[in-house]
Amino acid sequence: MEDRQELALEQYDFQVKNRRRARGAVLLDTNEGLRLMREYTSITSHFAFENEVKEHLRLQGMKQLDWAVKNKAGEWVTVCETGEQYVVYEWYAGEDCDYKSSQGLMEIAANLGRLHQCLKNYSQVPVSVGETLLQQYDRHNREMKRVYTYMKGKKRKSDFERFAMGCYAKFAAQAAGAREKLRQSEYYQMHGSETRDVCHGGYNYHNLIQTKDGLATTNFEHAAMGIQLMDLVYFMRKTMEKNLWNWEKGKAIWEGYIENVALEGGEKEFVSTTLSYPIKYWKLLNQYMNGKKTWISDKSLEKMKDVQEQEERKAQFLKRLAAFEKNN
């Protein structure tokens with residue numbers, strides 16, 4: 001592995017002074033600053049799209065991004081004789097973002113708002129989003145019912161299966177309710193099947209670096225044409241689960257985002273509707289169905305109990321958010 005990396009690095013102009021592993025990549029300390037090298041099994045056309053999106057952001061004033069670095073041959077991708085493909089990115093010295101403080105969350109959300117403003121109307125013509133969110137919900141709802149039916153038919157049930165079955169009626173109704181609200185949403189009807197906007201696709205605190213010059217936004221591997229508010233939904237869900245759906249933390253995210261993006265009533269309702277869908281319950285059932293059922297760990301049961309508690313906290317948060325928006 002290291003021999004192949006050395007061969008790849010020889011094709012760049014910079015000199016490596018030190019290196020260390022960093023979440024599926026190698027962080028390089030070079031004479032030109034920090035760089036991050038990733039190995040890819042294949043490079044698709046999406047890589048070119050990522051570079052185009054980041055160049056568009058640069059022209060809009062967002063410059064702290066993970067730019068790909070060209071090698072000596074002027075290529076973005078370095079291919080070794082043995083077939084391995086490497087890409088080197090500019091990287092940043094800094095700290096992990098603080099997702100536990102309201103101020104940190106507000107700054108992260110404001111950065112997302114700026115990103116969305118820059119990537120709004122990216123395409124000159126509307127582009128199809130592929131599988132729509134409504135189609136995803138229909139698929140998830142069918143899958144949850146199929147798993148429940150399977151569990152119900154078992155003669156001997158584990159504690160996990162009994163607990164999951166006990167939650168099913170509540171979560172199935174919650175999922176059906178979210179699906180119906182989404183179907184009726186005027187905002188979704190206008191933006192659900194095609195869009196001119198780009199979303200990051202994986203916006204969370206792992207993909208942000210707090211530098212002395214502000215936030216650096218990285219990892220655009222999942223960037224795509226899509227509903228930008230799904231970035232906000234994903235970020236809120238992931239972060240608020242860590243913060244046990246604390247009201248002040250959620251309010252900070254909400255206010256930080258709308259500093260840069262003026263949300264209308266239909267957009268706010270869309271965010272609340274998609275947040276209300278019990279996606280974690282579906283994920284656990286899906287993992288159960290795709291895994292071994294002869295032995296189910298106690299950890300799976302703990303996760304299911306945690307999902308039930310998180311959903312109760314989330315429901316209270318969404319009620320408070322609706323009241324907050326009504327009074328403001």
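Reading the values: rules and limits
- Residues numbered from 1 in each chain as written.
- Predicted model: local features only at pLDDT ≥ 70, side-chain atom pairs only at ≥ 80, totals over all residues.
- Heavy atoms only, no water.
- Pairing = 2+ DSSP bridges.
- Helix = DSSP H or I, 4+ residues; strand = E, 2+ residues; numbered from the N terminus.
- Buried < 20%, exposed > 50% of the residue type's maximum accessible area, 1.4 Å probe, protein only.
- Contact = heavy atoms within 4.5 Å.
- Core = buried A, V, L, I, M, F, W, Y, C linked by side-chain atoms within 4.5 Å.
- Axes fitted to C-alpha atoms, helices over the stretch in contact; angles between N-to-C directions.
- Parallel < 35°, antiparallel > 145°, perpendicular 65-115°, else oblique.
- Left-handed = near helix turned anticlockwise from the far one by under 90°.
- Nonpolar A, V, L, I, M, F, W, Y, C, P; charged D, E, K, R; others polar.
- Salt bridge = Lys/Arg side-chain N within 4 Å of Asp/Glu carboxyl O.

Peer 1: Give a description of the sheet that holds strand β7 (residues 95–96) that names residues and reports values.
Peer 2: With antiparallel pairing, 3 strands are arranged side by side in an open sheet as β7-β11-β12. Edge strands, defined here as strands with exactly one partner in the open sheet, are β7 and β12 (214–217).

Peer 1: With reference to specific residues and values, describe the side chain of Asn111.
Peer 2: Its location among the elements puts Asn111 in helix α3 (residues 102–119). In this structure Asn111 comes out as buried when scored by relative accessible area, which is 3%. Apart from residues no more than four positions distant in its own chain, Asn111 is found in contact with Met62, Tyr203, Leu208, Leu215 and Thr217.

Peer 1: Now, about the nonpolar core: what can you tell me, with residues and values included?
Peer 2: Residues Leu57, Leu229, Leu232 and Tyr281 are the most contacted members of the largest nonpolar core, which totals 83 residues. For Leu57, the residues in contact, after removing those within four places along its chain, are Met62, Leu65, Leu115, Cys118, Leu119 and Phe220. Listed in part, the 11 residues of the second largest apolar core include Phe14, Val26, Met37 and Cys80.

Peer 1: Outline the packing of helix α10 (residues 279–290) against helix α11 (residues 298–326), listing residues and values.
Peer 2: The geometry of α10 relative to α11 is characterised by a closest axis approach of 9 Å and an angle of 165° between their N-to-C directions. By the angle between their directions, the pair α10 and α11 is classed as roughly antiparallel. Here the hand of the crossing between α10 and α11 comes out left-handed. Of α11, the residues touching α10 (which contributes Lys280, Tyr281, Leu284 and Leu285) are Lys303, Met304 and Val307. Looking at the contact of α10 with α11 residue by residue, the classes come out as 5 nonpolar, no polar and 2 charged.

Peer 1: So what about the pattern of salt bridges? Which residues, and what values?
Peer 2: Summed over all chains, the structure comprises 19 salt bridges. Salt-bridge contacts for Asp159 lead to Arg162; the nearest nitrogen and oxygen are separated by 2.4 Å. Within this pair, Asp159 and its partner Arg162 are both found in helix α5 (residues 159–184), separated by 3 residues, close to a single helical turn. Judged by relative accessible area, which is 46%, Arg162 ranks as partly exposed. Among the salt bridges present, the one from Arg179 reaches Glu180, with a minimum N-O distance of 4.0 Å. In this structure Glu180 comes out as partly exposed when scored by relative accessible area, which is 28%. A cluster of three or more residues bridged by salt bridges with shared partners is formed by Asp138, Arg179, Glu180 and Arg183.

Geometric descriptors of this kind do not, in isolation, establish any biological role.
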